[in-house]
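Each chain, written out:
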Amino acid sequence: MMSHRARGARAVVIAVAAGSLALTGCSKNEGGKSGKDSEKDQKEAAVQSKAVTYVDAAGSTGPAAEVPGAKSGGTIIVYQEPGLSHLDPGQIYVSDSGQVANLLFRRLTQFQEDDKGDVSVVGDLATDSGKSSDGGKTWTFTLKDGIKDEAGHAITSADVRHTVERTYAKFVFDGPTYLQTWLSGTDYRKALPGGGFDGRHLPASVLDTPDAKTVVFHFDQPRPDLPQTLAMAGYAVVPEKGDTKERYEKKPVATGPYKVAENKIGKSLKLVRNAHWDPKTDSVRHQYVDGFDFQFGITESTQTKRLIADEGDNKNAIQLTGGVEATQIQDVIGNPDARKRTVKGYQPYVMTLTFNLDRVKDKKVREAVTYAVNSKSLIAGEGGAYGGDVAPNYFAPTLPGYEPDYDPYGRLKSPQGDIAKAKEIVKGLPAAEKKLVFAYANSEPGQKRKVAIEDALTKVGFDVVAKEIDAASYYEQIAKLDNPYDMYITGWGQDWPSPGTVVTPIYDGSQVTDGSANYSHVKDPKVDALIKKALTQEPAEAAKTWREAHHYLLENVIPAAPLWYTKQFQLSGSHVGGARYGSVSSLIDVNRLYLKS
């Protein structure tokens, strides 16, 4: 799924429904040890691993169910430290942009979450969640009547075709690739190098638009997860008439309840109502407030102080993907007024220290680092038990197939790391092998992580050279194949409840390309064979294959050192209504917010 941005992971999460977590207080900056509370959290998180349901036309019509007590009017202020990674839907695969995409863009299908946290897939642009035939190899979608973009142009099947085909163009490099590879294989760009802009198109045997209201996808094998795939922000519609290619990032064309009024990249973003959005066609979104005022460059500590104080405009403010700053968690917990203004939940992200295998070629080095890293210290920087739990492996508690006791590096017994073991492994290695270039984001969380990594690895005898990267372009920089870094912290969460949406995007050898989520550049024949095998199996059999791939990766390849599982703990102002933890986004649910006064 995509990466979680505020705390640094990647993926527009589709982790299913867990409800709020009952987290109890921990000492300030305590990390790694959350005891019975973490066990309870993980049991609740397991609810997120259940499959979503697909909804028919009756459940896909609007308007969306009213939020109790909701009022219209006012502007919500949104605080965020780094600027947005992207606003072009085709490039969106990180949670900050994914949140904004919910307000701006519609797609063929969409996730709908009820008050219990149960998630389903409904038709968004389409009348329903899709109709399959030919054993699941063919999927047909019919567009709803009356859907227009912000300029008043009707959305047609040609716009959907354009949306798919433009992802084949080289300038779209940072978004999901499921649909493209399913339609045209791993070298999909060769099938349509012009991305449809040159008048050439995918053949009707692959993507057919027989009339203005019908879209038909043809695959070479069953694709039962297609409705969930199409609900990703990365496949939101880009109307053909308004597509400015590389310049689309600055001023994308809205189809959702809000549109871009002003975009000062990295500084601010103002959204206002889209008059051409019709609530009768939308079963998910609302348009309660007049707009959203995004303010970037606001650190988590400043966000938290402002929201605790709850004065003036801060009463109308929320955090986008940031959370309560770690050292102020007790200030929130101990303040009844502030505490009732929080949302919290288990996220599907696994944070890892990822190795660039093109540079860190000695397995002993990767193994030693994996033993040495201090999960306890890193989690302390995230807020202790409120920020995360120790990760012994690459699968999160929200993922089917999660094994809580699979811990090949003793992370659960020694969350602070095993320095003695690490020293033993690298004993005798030349100094050049012990020099490691570590990239980190220039944000508050990034600075804390840098200190924790340097401290742990220096104790082993590693020479850590820390290199700062702009937080807004962090994932873009480390996704370059020729990047000059040996290791970097990344996070990944499921795109939907399947290990295939974790193992495939980040460990498939065919995904070693610029902009890919295979940040470690893994190209292992056994891993590739297991992925190919699992993708053709029924879920029960596939689970065994995914488990084999997971164990082989962690024990034999070691592309990354598992660090921690993330949790979210966010605060909003007292005038903000409708706030709840969204299990689809694993953040505050922006689709239902309003201002009380």
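Just above, that's the structure.
Peer 1: Mind laying out helix H15 (residues 525-534), listing which residues take part and the relevant values?
Peer 2: All buried positions along H15 are accounted for by Val527, Leu530, Ile531 and Ala534. Angularly, the buried residues of H15 cover 100° about the axis, an arc narrow enough to put them on a single face. Seen from the open side of H15, the exposed residues pointing more than 90 degrees away from its buried face are Pro525 and Lys532. The inward-facing, buried residues of H15 contact helix H14 (500-507) and helix H16 (539-557). The residue sitting at the N-terminus of H15 and contributing the capping side-chain oxygen is Asp524; that oxygen lies 3.0 Å from the backbone nitrogen of Lys526.

Peer 1: Provide a residue-level description of the sheet that holds strand E14 (residues 388-390), including the pertinent values.
Peer 2: Strand pairing in a sheet relies on backbone hydrogen bonds. The paired strands run either parallel or antiparallel. Pairing is mixed across the open sheet formed by 6 strands, whose spatial order is E14-E18-E13-E17-E15-E16. Among the strands making up the open sheet, the edge pair consists of E14 and strand E16 (463-469). Between one strand axis and the next, the sheet turns by 30° as a mean value, whatever way the strands run. With 7 bridges connecting them, strand E15 (residues 435-441) and E16 associate as parallel partners. Each bridged residue has a counterpart across the sheet, and for Lys435 the counterpart in E16 is Asp463. Seen against the sheet, helix H10 (residues 375-382) touches E14, strand E17 (487-492) and strand E18 (560-571) and runs at an angle of roughly 20° to E18. Its contacts with the sheet place helix H12 (residues 444-460) against strand E13 (342-355), E15, E16, E17 and E18, and it is angled at close to 160° to E15.

Peer 1: Requested: an account of the side chain of Ser85, with residues and values cited.
Peer 2: By the secondary structure assignment, Ser85 is in the loop between strand E2 (75-80) and helix H2 (95-104). Residue Ser85 is classed as buried on the basis of its relative accessible area of 15%. In this structure the side chain of Ser85 is engaged in a polar contact, spanning 3.2 Å, whose partner is the side chain of Asp96. Looking at Ser85, its side chain comes within polar contact range of the side chain of Ser97, at 3.0 Å.

About the criteria used
- Residues numbered from 1 in each chain as written.
- Predicted model: local features only at pLDDT ≥ 70, side-chain atom pairs only at ≥ 80, totals over all residues.
- Heavy atoms only, no water.
- Buried < 20%, exposed > 50% of the residue type's maximum accessible area, 1.4 Å probe, protein only.
- Helix = DSSP H or I, 4+ residues; strand = E, 2+ residues; numbered from the N terminus.
- Arc of directions from axis to C-beta.
- Contact = heavy atoms within 4.5 Å.
- Polar contact = N/O pair within 3.5 Å; in protein donor to acceptor, adjacent residues only side chain to side chain.
- Pairing = 2+ DSSP bridges.
- Axes fitted to C-alpha atoms, helices over the stretch in contact; angles between N-to-C directions.

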